[in-house]
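One-letter residues, chain by chain:
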Amino acid sequence: MSDAYDAIVLGGGAAGLMCAATAGQRGRRAVVIDHADEVGKKILISGGGRCNFTNIGTVPERFLSANPHFARSAQSRYMPADFLALVERHGIAWHEKTLGQLFCDGSARQIVAMLLDECAAGGVDVACGEAIRAVDHGDGQYRVTVGARTLTAPVLVIATGGPSIPKMGASGFAYDLARHFGLKLIEPRPALVPLTLAGDDLLFRTLAGVAAEVVARCGTAAFREAALFTHRGLSGPAILQISSYWRRGEAVGIDFLPERTSGWLVAAKRAGPGSSLKRALGHSLPDRLATTLADQLSLPGELGNIPDRMLAAAEARLADWRFTPNGSEGFAKAEVTAGGIATAGLSSKTMEATNVPGLYAIGEAVDVTGWLGGYNFQWAWASGHAAGQAV
Ligand code: FDA
């Protein structure tokens, strides 16, 4: 096997495999290199083993980036329907869950097998299980040393993802390479990650295991989904989503009763003056949560004896209960990494570095981060496809 290629793709995850398959099927000689013992490990564990492979609600507003417009071009040229068509061509059964999320009926392994079939159809070489020892560039060629081999190509694609979940082989290698080639970084931070509580909020940790549908807010972002109290703080989809927007020192506001309209507590007093705040809350919330919130609001006794203005204040607090997380569970638990290779130095059409000919960056390594629910894979497919079309 000759070690001269048209494109070397570093990282055999979602973006790298899509890029290599696309390039290979266009007649390019491509190779994928991954240090893990098999490709697509994050795909295998995604979506609880069923891979939430895209979201039919994909719109640019559901991605975070220092440049929110950057992802539009690639996304518009490779849409959820394109990936779905590929899934169907491979006979993979799928279903839609809530909020536009598409999952395999069977196993995430089918998605990895599909991507490997697509790579094989493009004659792509896949090399796993060996560390990349050196990467350099000169005379228009990139040279990558893996084990005893040195591969060369005029194109190098950085697709090694972000550092979230290091125990799965995730690394900050993409950032090392980016720095090496003079690309700027937007500070990477854990995203889609549980938040931790301290101080006065510690009380809520006693509610570990209790979940409720809430609206979680931070800045202008708001998500109505389940929140879950944990032994360390807050988790559940609403919290994971809001964590991507949260910055240290900021408060997260929780509306515990999103169904309730303004004035409901005073109305509850009129309808049942002999009832209590805890009982009124218990109609909508799990018992333990209703008890904790009622205790915190310190309005004991019958509703009939509590002045309307105090009930209105309690209602306002329940609609915007402020937690100030002292941190998050970090990269060890983060589903994705926000930040990364700055889009300002990349072409939004091809993903090629503006100042480094032949160098491309795709997927999670780049400063584009999707919401929870299949958006991050959709970005991996779209950016991988854009680069694969260009190399
Ligand atoms: P990805 O991380 O997939 O691939 C990078 C590859 O590079 C890996 O194969 C890695 O081994 C390799 N690599 C890293 N460092 C290297 C080095 N130094 N040398 C050589 N190779 C190296 N998203 C979604 O849309 N739907 C979902 O259901 C889920 N579910 C989910 C569950 C869990 C538990 C996690 C952690 C994440 C998700 N995600 C998700 C997010 C999704 O997995 C993620 O956004 C994509 O995998 C990113 O694709 P990339 O190809 O960019 O990186």
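Residues numbered from 1 in each chain as written. Predicted model: local features only at pLDDT ≥ 70, side-chain atom pairs only at ≥ 80, totals over all residues. Heavy atoms only, no water.

## Structural notes on the domain arrangement of the chain
And step 1. Its domain assignment divides the chain into domain 1 (7-190 + 336-390) and domain 2 (195-328).
And step 2. Summarising the inter-unit geometry, the C-alpha centres of domain 1 and domain 2 are found 39 Å apart.
And step 3. Carbon and sulfur atoms supply 55% of the area that domain 1 and domain 2 bury against each other, a total of about 760 Å² over both sides.
And step 4. When the area that domain 1 buries against domain 2 is broken down by residue, the three leading residues are Arg189, Trp371 and Leu372, summing to 59%.
And step 5. Where domain 1 packs against domain 2, one counts 0 salt bridges. (Domains from an automatic or database assignment. Buried area = accessible area lost by both parts, 1.4 Å probe. Salt bridge = Lys/Arg side-chain N within 4 Å of Asp/Glu carboxyl O.)

## A few points about the packing of aromatic side chains
And step 1. Going through the model one piece at a time under the given rule, you end up with 15 aromatic pairs.
And step 2. Here the aromatic rings of phenylalanine 70 and tryptophan 379 are separated by 6.4 Å at their centres, their planes lie at 65°, and the arrangement is edge-to-face. Taken as a pair, phenylalanine 70 in the loop between strand S4 (63-64) and helix H3 (72-77) and tryptophan 379 in helix H12 (residues 375-390) lie far apart in primary sequence, 309 residues in all. Each member of the pair phenylalanine 70 and tryptophan 379 is classed as buried.
And step 3. Between the aromatic rings of phenylalanine 204 and tryptophan 321, the centroid separation amounts to 5.9 Å while the plane-to-plane angle is 75°, which identifies the pairing as edge-to-face. Separated by 117 residues along the polypeptide, phenylalanine 204 in the loop between strand S13 (195-196) and strand S14 (211-218) and tryptophan 321 in strand S18 (residues 321-323) bring together distant segments of the chain.
And step 4. Stacked on the ring of tyrosine 5, the Lys or Arg arginine 29 has its end atom at 4.4 Å from the ring centre.
And step 5. Lying across the ring of phenylalanine 103, lysine 97 places its NZ or CZ 4.5 Å from the centre. (Phe/Tyr/Trp six-rings, centres within 6.5 Å; stacked < 30°, edge-to-face > 60°. Helix = DSSP H or I, 4+ residues; strand = E, 2+ residues; numbered from the N terminus. Buried < 20%, exposed > 50% of the residue type's maximum accessible area, 1.4 Å probe, protein only. Lys NZ or Arg CZ within 6 Å of the ring centre and 35° of its normal.)

## Looking at the nonpolar core
And step 1. Counting residues in each nonpolar core, the largest one holds 123 residues, and the members touching the most others are Phe83, Ile111, Phe256, Leu281, Ile341 and Trp381.
And step 2. There are two domains that each give this core at least three residues, and those are domain 1 (7-190 + 336-390) and domain 2 (195-328).
And step 3. Those residues within four positions of leucine 281 in sequence are excluded, and the remaining contacts are Leu257, Trp264, Ala290, Leu293, Ala294 and Leu318.
And step 4. Counting residues in hydrophobic clusters, the runner-up holds 6 residues, among them Leu192, Leu240, Ala338 and Leu372. (Core = buried A, V, L, I, M, F, W, Y, C linked by side-chain atoms within 4.5 Å. Contact = heavy atoms within 4.5 Å.)

## Structural notes on the environment of leucine 195
And step 1. Examined against the element boundaries, leucine 195 turns out to sit in strand S13.
And step 2. Once the C-alpha coordinates of leucine 195 and glycine 161 are considered, the two residues, 34 residues apart in sequence, prove to be 22 Å apart.
And step 3. Setting aside chain neighbours within four positions, we find leucine 195 in contact with Arg232, Gly233, Leu234, Ile239, Ile242, Ser243, Trp246, Val252, Pro325, Gly327 and Ser328.

## Quick look at the sheet that holds strand S11 (residues 156-158)
And step 1. Taken in spatial order, the 5 strands make up an open sheet running S7-S2-S1-S11-S21, and their pairing is parallel. On the outer flanks of this sheet lie strand S7 (125-128) and strand S21 (359-361), each paired with one strand and no other. Each strand axis lies, on average, 20° off the axis of its neighbour in the sheet, ignoring direction. (Pairing = 2+ DSSP bridges. Axes fitted to C-alpha atoms, helices over the stretch in contact; angles between N-to-C directions.)

## Points about the site of the ligand
And step 1. The environment of the ligand is formed by 30 residues, the closest being Ala15, Asp34, Ser171, Glu364 and Phe377.
And step 2. The separation between an oxygen atom of the ligand and a polar main-chain atom of alanine 14 is 3.0 Å.
And step 3. Protein contacts shield 92% of the accessible area of the ligand, which totals 1000 Å² for the unbound molecule.
And step 4. Listing elements by their share of the shell around the ligand, those giving two or more residues are helix H1 (14-25), helix H2 (41-45) and H12.
And step 5. The greatest single-element share of the shell around the ligand, amounting to 4 residues, is contributed by H12.
And step 6. Among the residues forming the shell around the ligand, the class breakdown is 12 nonpolar, 14 polar and 4 charged. (Near = heavy atom within 4 Å. Polar contact = N/O pair within 3.5 Å; in protein donor to acceptor, adjacent residues only side chain to side chain. Areas by Shrake-Rupley, 256 points an atom, 1.4 Å probe, with all protein chains shown as cover. Nonpolar A, V, L, I, M, F, W, Y, C, P; charged D, E, K, R; others polar.)

## Observations regarding the sheet that holds strand S3 (residues 52-55)
And step 1. In space, the 3 strands of this open sheet follow the order S3-S6-S5, with antiparallel pairing throughout. The strands lining the two open edges of the sheet, one partner per strand, are S3 and strand S5 (94-96). Averaged over neighbouring strand pairs, the angle between their axes works out to 25° when direction is ignored.
And step 2. By the bridge criterion, 3 bridges tie S3 to strand S6 (residues 101-104) in an arrangement that is antiparallel. Directly across from threonine 54, in S6, lies its bridge partner leucine 102.
And step 3. Sitting on the sheet, helix H4 (residues 80-89) is in contact with S3, S5 and S6, with an inclination near 140° to S3.

## Some details on the layout of surface pockets
And step 1. Roughly 200 Å³ of internal volume is contained in the second largest pocket.
And step 2. Lining the second largest pocket are 13 residues, and of these Tyr78, Leu86, Arg89, Glu118 and His385 lie nearest its centre.
And step 3. Here the lining of the second largest pocket takes 5 residues from H1, the largest share from any one element.
And step 4. Looking at the lining of the second largest pocket, its residues break down into 7 nonpolar, 3 polar and 3 charged. (1 Å grid on protein atoms, 1.4 Å probe; cavity = no way out; pocket = protein on both sides within 12 Å on 5 of 7 lines; lining within 4 Å. Points joined across faces, edges and corners; volume = space filled by probe spheres on them.)

## Overview of the packing of H1 against helix H5 (residues 109-121)
And step 1. Two elements in contact, H1 and H5, have axes whose closest approach is 7 Å; the angle formed by their N-to-C orientations is 25°. Taken as axis vectors, H1 and H5 run roughly parallel relative to one another. Handedness of the H1/H5 crossing: left-handed. In this structure, H1 contributes Leu17, Ala20, Ala21 and Gln25 to the contact, and H5 contributes Leu115, Leu116, Glu118, Cys119 and Ala121.
And step 2. Residues that form the contact of H1 with H5 fall into these classes: 7 nonpolar, 1 polar and 1 charged. (Parallel < 35°, antiparallel > 145°, perpendicular 65-115°, else oblique. Left-handed = near helix turned anticlockwise from the far one by under 90°.)

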